[in-house]
Amino acid sequence: ITEGRAVLTKRELQAQLILLLGGRAAEMNVFGEPTTRSEDDLEHAAALAKKMVERWAMSDNAQPSTQSVEVLAKQLAGGQMPTDGVGRLLSRAEQAARVILNDHAEELDRIADALMEYETLSSIQLQSLISRALPRPAASRPVIAAPARPGVYDDLASERPAAPGPPAASGP
């Protein structure tokens, strides 16, 4: 989880939850129901969400979950979302993943079609497929990845109080 880092923020951990639940979100978007394929990801996501709530108090409901990671993962696999702090983190992450996938459905369809035809893609081919839908940036400006829909990630951080902004600049 920490990839050698000693400290991770709540936002970084929420992004990991979104990533872990991306496969399940894709199944829901494509098939309308989950498959057995996402079992391992569900277990990892449930374990991470449980740590976020119980060890690191990264939820408005820091009450320990009465369920084991295995039970949480089975509930998720069966379409049941726990209602405690762990469940809220997982529910928000899955919803964010579904929104991201929906926002990029055209690019994903192009990639899937190319994979069906060629089986493998180089990074250049992949970038070409993705960039067809992106506006061309000005040459002097770096490309910065941002959510396709403003606020997609903000919902995940709604449990934390707003951070104080920089001090206001005083006039001359």
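For the structure given in this document, a descriptive report is provided here. Owing to the predicted nature of the structure, the values given are computational and were not obtained by experimental measurement.

1. Section: the pattern of salt bridges
This model, assessed by the stated rule, comprises two salt bridges. Between Arg-24 and Glu-94 there is a salt bridge, and its shortest N-O distance comes to 3.3 Å. A residue pair is termed long-range when its members are at least 10 positions apart, and Arg-24 in helix H2 (residues 22–31) and Glu-94 in helix H5 (residues 85–103) qualify at 70 residues. For Glu-94, a relative accessible area of 9% gives the class buried. For Lys-50, the salt bridge identified is with Glu-54, shortest N-O distance 3.0 Å. Separated by four residues within a single helix, Lys-50 and Glu-54 lie in helix H3 (residues 39–54), roughly one turn from each other. Residue Lys-50 is classed as buried on the basis of its relative accessible area of 13%.

2. Quick word on the side chain of Arg-110
Mapped onto the fold, Arg-110 is located in helix H6 (residues 105–118). We note that Arg-110 is buried and unpaired, the nearest opposite charge coming from Glu-106 at a distance of 4.1 Å. Of the polar contacts made by the side chain of Arg-110, one reaches the backbone oxygen of Leu-129; its length is 2.8 Å.

3. A look at the environment of Val-86
Mapping Val-86 onto the fold places it in helix H5. Its relative accessible area of 0% is what places Val-86 among the buried residues. Along the chain, Val-86 and Val-53 lie 33 residues apart, while their C-alpha atoms are 6.3 Å from each other.

4. Some remarks on H5
For H5, spanning 19 residues, the distance from its first C-alpha to its last is 27 Å, which sits close to the expected 27 Å at 1.5 Å a residue. All of the buried residues in H5 are Gly-85, Val-86, Gly-87, Leu-89, Leu-90, Ala-93, Glu-94, Ala-96, Ala-97 and Val-99.

5. Considering the packing of helix H1 (residues 10–20) against H5
With their axes 8 Å apart at the nearest point, H1 and H5 run at an angle of 65° to one another. Considering their axes alone, H1 and H5 lie roughly perpendicular with respect to each other. Relative to H5, the crossing made by H1 is right-handed. Where H1 approaches H5, its residues Gln-14, Leu-17 and Ile-18 are matched on the opposing element by Leu-89, Leu-90, Ala-93, Ala-96, Ala-97 and Ile-100. Of the residues that constitute the contact of H1 with H5, the class distribution is eight nonpolar, one polar and no charged.

Conventions we followed
- Residues numbered from 1 in each chain as written.
- Predicted model: local features only at pLDDT ≥ 70, side-chain atom pairs only at ≥ 80, totals over all residues.
- Heavy atoms only, no water.
- Salt bridge = Lys/Arg side-chain N within 4 Å of Asp/Glu carboxyl O.
- Helix = DSSP H or I, 4+ residues; strand = E, 2+ residues; numbered from the N terminus.
- Buried < 20%, exposed > 50% of the residue type's maximum accessible area, 1.4 Å probe, protein only.
- Lys, Arg positive; Asp, Glu negative; His and termini not counted.
- Polar contact = N/O pair within 3.5 Å; in protein donor to acceptor, adjacent residues only side chain to side chain.
- Expected span 1.5 Å × (residues − 1).
- Axes fitted to C-alpha atoms, helices over the stretch in contact; angles between N-to-C directions.
- Parallel < 35°, antiparallel > 145°, perpendicular 65-115°, else oblique.
- Left-handed = near helix turned anticlockwise from the far one by under 90°.
- Contact = heavy atoms within 4.5 Å.
- Nonpolar A, V, L, I, M, F, W, Y, C, P; charged D, E, K, R; others polar.

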